[in-house]
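# Structure assessment
Chain by chain, the residues run as shown.
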Amino acid sequence: MLRLELLGQPRILHAVELRLPRKAVALLAYLAIEGCTPRSRLVDLLWSESDEEGGRRNLRQVLYQLGQTPVQAHLEVGRAQIGLCGFELDVEEFLEGHGCADSLRLWRGEFLQDLELDNASQFEVWLRHQRERLGSAYAKALGHQARELERKGDLRGALEAFQTLIHLDELQEQPHREAMRLYAALGQPEQALCQFKRLTEVLRDELGLEPLPETQALAEQIRQRREVPRAKPLAVNSPSLRAPLVGREQALKRLEAAWQSKNILLIAGQAGVGKSRLVQEFLADKGSYVALSGRPGDAGTPYASMTRWVRQALGAAPGLELRPWVRFEAARLVPELSDEAPPQLDEGGQVRFFQALCELLSQASGGSKIFLSEDEHFADPWSLKALAFGVSQGSRRLVATFRPDEVLPEVAQRYQEWQGSGAAEWLELEPLSEQEVAELVAHLSGRPARLFPQRLYRATSGNPLFVLETLRNLFELGELRQGPGGVWETPYDEATQDYAELPIAPSVRQTILSRLERQGASVRRCLEVAALIEEETFNSGTLAEATALSQWEVSEALERASGSRLIEAAGQGYRFSHELISRAIAESLKPDRRRLIAARLAQHYAQGGVHPARVAGYFQQAAMPLEAAQWWVRAALHAHGVLAFAEADRYYVLALAALPPDHPERFEIQTRRFYLARQVGNTCLEEQLEQLEAMAASARSAEERCRVWFYRGMVLDDQQDLQGAMEASRKAYQYGLEASPAEAFYPLIFVTHYQRDLGLLEEATADGHRALALARQLSPFHLAEAQLCHALTRMLQGCPDEAIGLLAEAEDLLRQNGPAPAVFWLLQERLGVARARVLNSLGRFEESVPQTAEVIEKARQGGVQRQELVGLLVRVEGWLGLGRAEEAAQDLERCTELARHLNWGWSEVGQLYAELELFRNNGPSALRWAERALEHAARNIVHEINGLYSRGGAWLALGERTKARADLERAIELHGGIHRFRAVRLEALQARLALTRFGAGFASTG
């Protein structure tokens, strides 16, 4: 019989103990706990950072190793799934024992103790969950055993059990208190007080807390040998005060009229004014609806609100069958929805992404087409954009509530556009009038009154939340009570003139904190932690980690807080009755307490389930900058994946701010940030140079200096300083040689690129041969890259057939060795662009155009706008060569958008637009575009030649042959017979010049 003992250091037994590799032990443990599992899940679990093929190969290797042992007879290996049968499991026996002495003896230590795996982050998440689950069961069983031992009179045995519990989690206050009590009962008061001292130190250092009043009272009793003073009684629960909706009749009529007109409903108002109450009343007879709400902290995190909404929807409908495309798109926010990671989102794919999110939310709510979006001033703009788009499709309806002075500008702009088009009704909700407060009090108290409502109105200005919190506070103070028949009474009813005697706090915040104080220390501890949780709901499991209370004690405290109406039940947990309550509590926290709570929350949420920026924020609040930096980087990568490029850059900045100047990871983060800016064009050249200066200051090794000079060459290229770019790349190459051949490779490739642009073809040939030699030391993919580079040089040297041959060899290498790794960005597709360039040079335009399609699409999907622009420019040359003006115009329109965003490529775009307008016989427009091309040519001789070529053509079209001749002669002079990459051929320049000499009309000469 196969036996698995997984509590403590794992043991796999089959007559004798089997010695197995760690991954094999992990595989057996997972199958024993979870049952039959798909191969794809096991690969993701045990080889999380490997590619799928590598992971499947590793899984086959582990199965082969197990197949050489007696375990083979117990494995059920299928094509798609793997299972385990016929075994005994100590975990199962422990749980079935329900805490009896025999089951406790099975506990040899934590689950899979000391089992740590490489490249298995998903397994680590699962392992952590199992350890928490089983550790909680063990603690519960141990507590039960301690109480049984004490009942039987074995005080020392009970004390040992409680000390074991303390050893498991020193921050749980109750076991300390029980140990103090048992020490005292055993006649060891000094030990009891030592236990109290240790508890006091741990709580202060780890959580910024004092022991609970009952623990302090017990210590005082032990110290003084006298009866413990009675603790201050907890506040009695205030009445429910389920207020009727008063003073909102006109508002409801306006909403109903707008609803019948199928308008979006925008309900604005200040905090506590009753927006949610109004909406609930209005929607009560409208059927089911999708309830969503923003949370404080969402606004700066891309899709933070939507991620939470999707997770809540899935949690509320666990058996939900989603259509495959919906599941796949939603996996961008909730990765566990798909075994296959979706590709990086691109602008064209946003529509499908937004549709999927709203489809999921609607389906999880039973197909409802009504969306209630509350507190939109807290929600992030990306989520609201997705929601707005989803609502615009089909017959969906939207009701939104918000505080108008706290809404983000882009969201406010959308509201204005909706109003301007007549698509939305705006309703501003005002506080209650004095008469409406009197009506509310009359409904609640059972009798009309005049003086008491006047006093209440003056104190609260008619804010409904402040009114209700004040009434609850007065009840808890005993200043307001229910008399015979439920009618309200105060001690001042007979003698007062204006109820000035009533102790009403000057603000709703003070009222809330006064009520909180009367609920007791346990409630305050729990709600202090809850107030810093940026999720909508919370539960006892989350709070216990930062309160030094057991889950049972936390549950009791939450029930008490719910009875006082500070919080309310929500799904499987609780939420604050109003955001102002959580804000008041959070603002009252002392800095040390806030920091320690944040540290606990950071460690809790680092296990998964929330946006990385949330975790980073908690670590930042906890004054743990190194941990915060790691999570800011994760947040940046996540933001990049959903096209939130500005936020990705901001997260990189926060990561850098969290690291000390000499931290070894600083340079890598700076590199990521610079590369992001280059790819998506969200910084100007001056900012990129500033970033390079910072990188140069951080660079310590030859490898890092190589990268700085390499990137400097790119920026100099953008500034049209090709000579400087070539020299910088040469410097990078020299540093790269000091580091490794791999580091030297790409700088050398770029040296040849700049040499081609400068017309230094002999030098480019020599360095191209060096790149080929270097590549042969590295990998087939390096060799394919070098062949691509050399092919372009040979094309310029008038050897197009040799160039095509080199590109064919490179493509064969990729076919033989599989897809190129990500570091060789779009290599297969760039080979297609290079082939298209060669074919264009041969006039084989029909063949060249299809070569560019794949690189354009892949670049667009990946958000790599520079590469997309390059591919489009090459394709435009092909369209023009084919005389396909409409296709060329469409591509150039996209080129213009990209050039504007990147602030790069304007000269090439302008020159090709000029050629398009010449083809259309539109001389004036051609001239404008040619002038624009020359404006942006700066010091780039290739751009100047091409711009003069097109302007010469424009002058010809306008009959200005003298001006045309001057431009074309200047272009030929600059050309000098030197073949430069991307420059118009000398033959084309001469042909267009000939038209000026013989007085012929304009014709495009290619």
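As annotated in an unreviewed UniProt entry, the protein carries the name Bacterial transcriptional activator domain protein and is attributed to Meiothermus taiwanensis.

The sheet built from 5 strands is open, its strands ordered E9-E10-E11-E8-E12 with parallel pairing. Both outer strands of the open sheet, strand E9 (290-293) and strand E12 (424-428), are each paired with one neighbouring strand and no more. For this sheet, the mean inter-axis angle between neighbouring strands, taken without regard to orientation, is 15 degrees. Summarising the sheet, strand E8 (residues 264-268) and E12 pair through 5 bridges and their orientation is parallel. Looking across to E12, one finds that Leu265 is bridged to Glu425.

So, on to the packing of aromatic side chains. Tallied over the full model, the rule gives 25 aromatic pairs. Judged by centre distance (6.3 Å) and plane angle (70 degrees), the rings of Tyr415 and Trp426 are edge-to-face. Here the residue Tyr415 occupies a position in helix H17 (residues 409-420), and Trp426 occupies one in strand E12, the gap between them amounting to 11 residues. Classification of Tyr415 as buried rests on a relative accessible area of 3%. The class of Trp426 is partly exposed, set by a relative accessible area of 24%. Here the aromatic rings of Phe710 and Phe750 are separated by 4.9 Å at their centres, their planes lie at 80 degrees, and the arrangement is edge-to-face. Of this pair, Phe710 sits in helix H32 (residues 702-718) while Phe750 is found in helix H34 (residues 741-757), placing the two residues 40 residues apart along the sequence.

Any empty space left between atoms is shown by rolling a water-sized probe over those atoms. Evaluated as defined, the whole model comprises 2 cavities of 30 Å³ or more. What the largest cavity holds in volume is close to 70 Å³. Forming the walls of the largest cavity are 10 residues, and the residues nearest its centre are Leu685, Gln688, Arg866, Leu902 and Asn903. For the lining of the largest cavity, the class distribution of residues is 4 nonpolar, 4 polar and 2 charged. Its volume calculated, the second largest cavity comes out at about 40 Å³.

Before going further, it helps to examine the packing of helix H26 (residues 591-605) against helix H27 (residues 612-621). Contact geometry of H26 with H27 gives a least axis separation of 7 Å together with a crossing angle of 150 degrees. Classified by the interaxial angle, the pair formed by H26 and H27 is roughly antiparallel. Remark: the crossing between H26 and H27 carries left-handed chirality. Side by side, H26 and H27 meet where Arg594, Arg595, Ala598, Leu601, Ala602, Gln603 and Tyr605 of the first sit next to Val615, Tyr618, Phe619 and Gln621 of the second. Here the contact of H26 with H27 is built from residues that sort into 7 nonpolar, 2 polar and 2 charged.

Cut-offs applied
- Residues numbered from 1 in each chain as written.
- Predicted model: local features only at pLDDT ≥ 70, side-chain atom pairs only at ≥ 80, totals over all residues.
- Heavy atoms only, no water.
- Pairing = 2+ DSSP bridges.
- Helix = DSSP H or I, 4+ residues; strand = E, 2+ residues; numbered from the N terminus.
- Axes fitted to C-alpha atoms, helices over the stretch in contact; angles between N-to-C directions.
- Phe/Tyr/Trp six-rings, centres within 6.5 Å; stacked < 30°, edge-to-face > 60°.
- Buried < 20%, exposed > 50% of the residue type's maximum accessible area, 1.4 Å probe, protein only.
- 1 Å grid on protein atoms, 1.4 Å probe; cavity = no way out; pocket = protein on both sides within 12 Å on 5 of 7 lines; lining within 4 Å.
- Points joined across faces, edges and corners; volume = space filled by probe spheres on them.
- Nonpolar A, V, L, I, M, F, W, Y, C, P; charged D, E, K, R; others polar.
- Parallel < 35°, antiparallel > 145°, perpendicular 65-115°, else oblique.
- Left-handed = near helix turned anticlockwise from the far one by under 90°.
- Contact = heavy atoms within 4.5 Å.

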